[in-house]
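# Close look at the chain arrangement
One letter stands for each residue in the lines below.
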Amino acid sequence: MSEKTPLLHYRLSSNTAGSDRAVGVTVETSPSVSREAVEKPSKKLSTFFGVIMPTVLSMFSVVLFLRIGFVVGHAGLYQSMLMFFIAYLIITMTVLSICAVSTNGALDAGGAYYMISRALGPEFGGSIGIMFFFANICGCALYVLGLVEAVTVTFGVSEDATGLTYSYHVLPVGYWWCLLYGSGILLLCLVVCLVGAHIYARATFLIFLIVMTVLSSIFVSFFIVGPRTVVLPGACANSTLPARANYTGFKMETLLGNLWANYEVDYTTGSMMTFATVFAVMFNGCTGIMAGSNMSGDLKNPSYSIPRGTLTAVVFTFITYNLLAWFVSCTCDRLLLQRNYSFLSDINIWGPLVTVGIYSSTLSAAMSNLIGASRILFALSRDKLFSGVFAPASRTSEGGNPWVSVLISWSLVQVVLLSGKLNTIASIVTIFFLLVYAAVDLACLALEWASAPNFRPTFQYFTWYTCALGILGCLVMMFLISAIYASVSIAFMLVLLLLIHYLGPSSSWGYISQALIFHQVRKYLLMLDVRKDHVKFWRPQVLLMVANPRSSTGLITFVNDVKKSGLYVLGHVQLGELEVLPADPLQSCYDSWLSLVDHLNIKAFVSLTLADSVRHGIQHLLFISGLGGMRPNILVLGFYDDCSPKNNLQDCVFPISTLSLDRFSPAKAQKRIFHFPAVRSDKVGSEAARAKDLSNEEYVYVIADAVKMQKSVALARYFCSFSRSEVLAKGKPGQSGLFVDVWPLNLLRPDNAGYVDTCSLFLLQLACVLHMSHAWHQARLRLFLCVETGCCLEEAKEKLQRMLKDLRFTADVYTVPWDHVVVLHGQRQEMAGKCRFKAQTEGHKDRAIECVQNFPSNTTLLSDEYLCAVNLLIREHGDPPPAVRFLYLPRPPADTRRYASYLHQLDLLSRDLGPTLLIHGVTPVITTAL
């Protein structure tokens, strides 16, 4: 491993050749240079040297030499084997996940953190990296304290000097003395790490030989060494506790006495032991399974070596631990196991050999944990997942050694050493590693469930069952060990996920969340059957056509409030023909439109199309927008008039990550411009006259096309100056009030004064949907009922209120006499009748047919005087002025020659009314049934 490698360094770094390229110094010119841009180290390590050896050494340390008697003495042989089985079942499930991820494509230097972060995105990678960092910090302290305990047992004397001592018992013992010894050992590790990892890496093979030699001597000693009495540490003449214990050799009585559990008080901490606390200590011997995967950058064939080497190491250590537990149970009485954790040196053929193994393995493990923690911190700082928080840790020496990360890691380990006892932090380390393993299993499970085509690992011996079993096992054991620590750790990891998700910069690594979302959305879209649609579950699904977003921000935000958790699509038609263009011009526009969605904080999709006319483009969007049962059912258009649009969208300066922690840094700022054309009001002369891309007739054709396609239509007028924040502020206490006016009558057909047709109910439903949104909930709905003299006003009002009650619609109902308005329409109607009668009597058959055909459209019966009177009536009954008005939009006339007249009538009807929606509904949307 090179000094620049940003990974969780395996606990026992390895390289037999000791080249600088492999584990030594690699010069890095700048911390900001990406890992992919740095020259890759030569891959030359085999499966044994690159995976098996570091993994075995990582799993053989404190537990093997100092805690195997502790585990068997308290838990007994049966529960000890059960603990080993549970522990290795959990880590085996995790190993399968590691093998799957590690064989999914080519690997570069970076190990587990590199694989997870690049495969699953910064959220998973960053959170796992942080948890690995703290696990290594606590692990380093664990091994330092283990070494201190081994030294004090061998060379220490009691604080009161009353215990049984020998000439080599010269070191004082106590909390502060142990802290001093631990600080000295940690200082030695710091010096080695500051000089370079290559010094330690060159001794790895020698350490491996020492550990294997000591382990062999331990097994041989069980057969060679005869029964003997062992002096217990801390024994004294005046103590009532036993001072000696027996090593019996292989005896059935000894085995029978060690079969069952007998939890006692731990003589080093004074705490009562339980299954959970013993398992926490034992599980530390099972950690380190990722040491081989961390060597990915230096392996000859990572996809081959990692799965085979890791599984081989796991099987070897599992057999070794179980054999050692059996031999200890058969040869040592329980008192020896519970009161002397270093008994292996007392029963060995040469005691100092075990001491050498303990010292070498624990010291190397402590140094490798310190190196690993510093490399993780350096990787996180270089990846900038937390922006400037870890910025100082990215500094390196001329040789590429991240010395600042080493110093930060050393200081944190020093803080952990204040706990003082080995078993005190064992639970913390175990919780952290279990949580990390659960996260790795979850990551592999997410990849499997996402069903991404590029996730096809060559290691096939895993399923989502193994991932789920690994997650479940890790979580169960976490809470068995310590419910408090487990809860705090999970909460901490969730906080890390949220911090990286919301505050971290964007990356090009890929996001597993996107793959999972796609997979789930596709599955549920297929389940969304349009044949099962029911009016009870109708919701607005809007396609809003936007000509220029600069003048449409008010309408875009308003429609976002109307959609009621439905589909919302921003549509735009760009005129042109693809066959005469060198490339698709829409691809370069999507970024600006998506930035607009983010800037306005709306929940909308963007759909752009290229067509030879606006009408054809809208037809395309109505046909193809949406998927399955999620398709637009309402088309919203801006009104066709001569109002000068306003530019409400200013080009803003955004940071590279708008939610980044360093977003206020001027050096990080980047100008993002919305690449939209200028509005018509910014143009002059003939250019402004030609700015409209469609004629008034084509505009009405669009409305008619939508109605033919069974799409409801809403025409939005005077929203160019609509400010959502200013409008909603009127609903606050002390203001004029927030009102929404609804006129459900077809004002162009006063002869048909019904309020219960499909379009009227659609109008009421949309107004109710707007009122149900959180922002508009304080608004008051005003429903205006137009009545003529001769009708009972109160009766009509009560009838409408009963209908509103049945529809669960809350509104203030106002009756509006409009005889003086209807009479204008009646005079025109009488003249039209005379015209038809005269045409029939004089034999003008064609003209009579034309009158009959045009009558349903009612366009020939409406005078400008009548429309102006209706407009005035609406304005007179708008005090206080409403935020928005909902009006009935008549169907376009059947005779296309009347389209211009139809649009002119709508113009007169809605002129100077303020923000207004003219709505025509084509489908039932309200029901009174449950």
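These numbers come from a predicted model, not from an experiment.

How each quantity is defined
- Residues numbered from 1 in each chain as written.
- Predicted model: local features only at pLDDT ≥ 70, side-chain atom pairs only at ≥ 80, totals over all residues.
- Heavy atoms only, no water.
- Helix = DSSP H or I, 4+ residues; strand = E, 2+ residues; numbered from the N terminus.
- Buried < 20%, exposed > 50% of the residue type's maximum accessible area, 1.4 Å probe, protein only.
- Contact = heavy atoms within 4.5 Å.
- Areas by Shrake-Rupley, 256 points an atom, 1.4 Å probe, with all protein chains shown as cover.
- Expected span 1.5 Å × (residues − 1).
- Pairing = 2+ DSSP bridges.
- Axes fitted to C-alpha atoms, helices over the stretch in contact; angles between N-to-C directions.
- Parallel < 35°, antiparallel > 145°, perpendicular 65-115°, else oblique.
- Left-handed = near helix turned anticlockwise from the far one by under 90°.
- Nonpolar A, V, L, I, M, F, W, Y, C, P; charged D, E, K, R; others polar.
- Patch = residues over 30% accessible without salt bridge, like charges linked within 9 Å, V, L, I, M, F, W, Y side chains within 5 Å.
- Salt bridge = Lys/Arg side-chain N within 4 Å of Asp/Glu carboxyl O.
- Phe/Tyr/Trp six-rings, centres within 6.5 Å; stacked < 30°, edge-to-face > 60°.
- Lys NZ or Arg CZ within 6 Å of the ring centre and 35° of its normal.
- Core = buried A, V, L, I, M, F, W, Y, C linked by side-chain atoms within 4.5 Å.
- Disulfide = S-S within 2.5 Å.

## Focus: the overall build of the protein chain
Along its length, the protein chain carries 30 helices and 14 strands. Counting the 930 residues in the protein chain, one finds 56% classified as buried. At a minimum sequence separation of 6, the contacts of the protein chain that also span at least 24 residues come to 82%. Approximately 40,100 Å² of the protein chain is accessible, and the part contributed by carbon and sulfur atoms is 61%.

## Examining helix H25 (residues 758-772)
Relative to the 21 Å expected for 15 residues at 1.5 Å per residue, H25 spans 21 Å between its end C-alpha atoms, a close match to the ideal helical length. Across the 15 residues of H25, 13 count as buried, placing the element largely inside the fold.

## Brief notes about the sheet that holds strand E11 (residues 780-787)
With mixed pairing, the 10 strands of this open sheet are ordered in space as E5-E4-E3-E6-E9-E14-E13-E10-E11-E12. Of all strands in the sheet, those with a lone pairing partner are strand E5 (605-611) and strand E12 (812-817), marking the two edges. Between one strand and the next, the sheet's axes are offset by a mean angle of 25°, whatever the strand orientation. Here helix H30 (residues 899-910) sits on the sheet and contacts strand E9 (712-717) and strand E14 (916-920); the angle it forms with E9, its principal contact strand, is near 55°.

## Describing the environment of Cys 868
Note on placement: Cys 868 falls in helix H29 (residues 864-876). Among the residues examined, Cys 868 registers a relative accessible area of 39% and is labelled partly exposed. As a C-alpha pair, Cys 868 and Arg 911 span 43 residues in sequence and 8.8 Å in three-dimensional space.

## Details of the packing of helix H1 (residues 47-59) against helix H7 (residues 204-224)
When two helices pack together, their arrangement is given by the angle between the helix axes and the distance between those axes. Packing of H1 against H7 brings their axes to within 11 Å, and their N-to-C directions diverge by 50°. When the axis of H1 is compared with that of H7, the two are oblique. Here H1 and H7 pass one another in a crossing that is left-handed. On H7, the residues that touch Phe 48, Phe 49, Met 53, Val 56 and Leu 57 of H1 are Thr 204, Phe 205, Ile 207, Phe 208, Val 211 and Met 212. Counted by class, the contact of H1 with H7 contains 10 nonpolar, one polar and no charged residues.

## Here's the deal with a nonpolar patch on the surface
A contiguous nonpolar patch, built from Leu 82, Phe 85, Leu 89, Leu 469, Leu 472, Val 476 and Leu 480 and spanning about 620 Å² of accessible area, is present on the exposed surface. When residues of the nonpolar patch are traced back to their parent elements, those giving at least two are helix H2 (62-102) and helix H16 (464-481). Looking at the nonpolar patch element by element, the count peaks at four residues for H16. As for its placement among the helices and strands, Val 476 is situated in helix H16. The partly exposed category is assigned to Val 476, whose relative accessible area is 42%.

## Topic: the packing of aromatic side chains
By the definition in use, this model includes 32 aromatic pairs. Seen from their ring centres, Phe 719 and Phe 722 are 5.4 Å apart, and the 50° between their planes marks the pair as tilted. Relative accessible area serves as the criterion here: at 7%, Phe 722 is assigned to the buried category. A connected cluster of aromatic rings, assembled from ring pairs, spans Phe 219, Phe 222, Phe 223, Phe 250 and Phe 327. One residue, Arg 67, lies across the ring of Phe 70, its end atom 5.7 Å from the ring centre.

## A closer look at the packing of helix H4 (residues 122-155) against helix H14 (residues 403-416)
Two numbers describe how H4 lies on H14: the axes approach to 8 Å, and their chain directions differ by 55°. The angle between H4 and H14 places the two elements in the oblique class. You can see that H4 and H14 cross each other, and the crossing is right-handed. Contacts between H4 and H14 involve Phe 133, Ile 137, Cys 138, Cys 140 and Ala 141 on the former and, on the latter, Ser 409, Leu 412, Val 413 and Val 416. For the contact of H4 with H14, the residue count by class is eight nonpolar, one polar and no charged.

## A few points about the nonpolar core
Counting residues in each nonpolar core, the largest one holds 153 residues, and the members touching the most others are Ile 91, Phe 222 and Ile 289. Ranked by the residues each element gives to this core, the list is headed by H2, at 22 residues. Contact partners of Ile 91, with chain neighbours within four places excluded, come to Met 59, Phe 283, Cys 286, Ile 289, Val 314 and Tyr 437. Of all hydrophobic cores here, the second largest spans 64 residues; its members include Val 597, Ala 767, Ala 775 and Leu 783.

## Some details on the state of the cysteines
Under the criterion given, the structure shown has zero disulfides. As a non-bridged cysteine, Cys 467 has Cys 444 as the owner of its nearest cysteine sulfur, 3.7 Å distant. On the accessibility criterion, Cys 467 (0% relative accessible area) is buried.

## Quick look at helix H19 (residues 553-562)
Taken across its 10 residues, H19 has 10 buried, putting it largely inside the fold. Where H19 is concerned, the buried positions are Thr 553, Gly 554, Leu 555, Ile 556, Thr 557, Phe 558, Val 559, Asn 560, Asp 561 and Val 562. Looking one or two residues beyond H19, the residue adopting positive phi is Lys 564, at roughly 50°.

## Structural notes on unusual backbone geometry
A cis amide bond links Asp 879 to the next residue, Pro 880, at an omega of 0°. Its place among the elements puts Pro 880 in the loop between H29 and strand E13 (884-888). Phi at Lys 564 takes a positive value of approximately 50°, unusual for a residue other than glycine. With respect to the helices and strands, the residue Lys 564 is situated in the loop between H19 and strand E4 (568-575). With a phi angle near 65°, Tyr 718 is a residue other than glycine that sits in the positive phi range. Topologically, Tyr 718 is positioned in the loop between E9 and helix H24 (724-729).

## Overview of the pairing of strand E6 (residues 634-638)
A regular strand places its side chains on the two faces of the sheet in alternate fashion. Counting buried positions over the five residues of E6 gives four, a clear majority of the element. Pairing between strand E3 (residues 542-545) and E6: three bridges, direction parallel. Within E6, the position partnered with Leu 544 by the bridge is Val 636. As defined by bridge partners, E6 adjoins E9 across five bridges and the pair is classed as parallel. Directly across from Leu 637, in E9, lies its bridge partner Leu 715.

## Considering the pattern of salt bridges
Throughout the structure, instances matching the rule amount to nine salt bridges. A salt bridge links Arg 782 to Asp 741; the nearest nitrogen and oxygen atoms lie 2.6 Å apart. You can see Arg 782 sitting in strand E11 and its partner Asp 741 sitting in strand E10 (residues 739-743), a full 41 residues away along the chain. Per residue, the accessibility class of Arg 782 equals that of Asp 741, and both read buried. If you follow the salt bridges from partner to partner, you end up with Asp 641, Arg 717, Asp 907 and Arg 911 in one network.

## Regarding the environment of Leu 209
With respect to the secondary-structure elements, Leu 209 resides in helix H7. Given a relative accessible area of 40%, Leu 209 falls into the partly exposed group. Linking Leu 209 and Gly 357, residues 148 residues apart in sequence, is a C-alpha distance of 9.8 Å.

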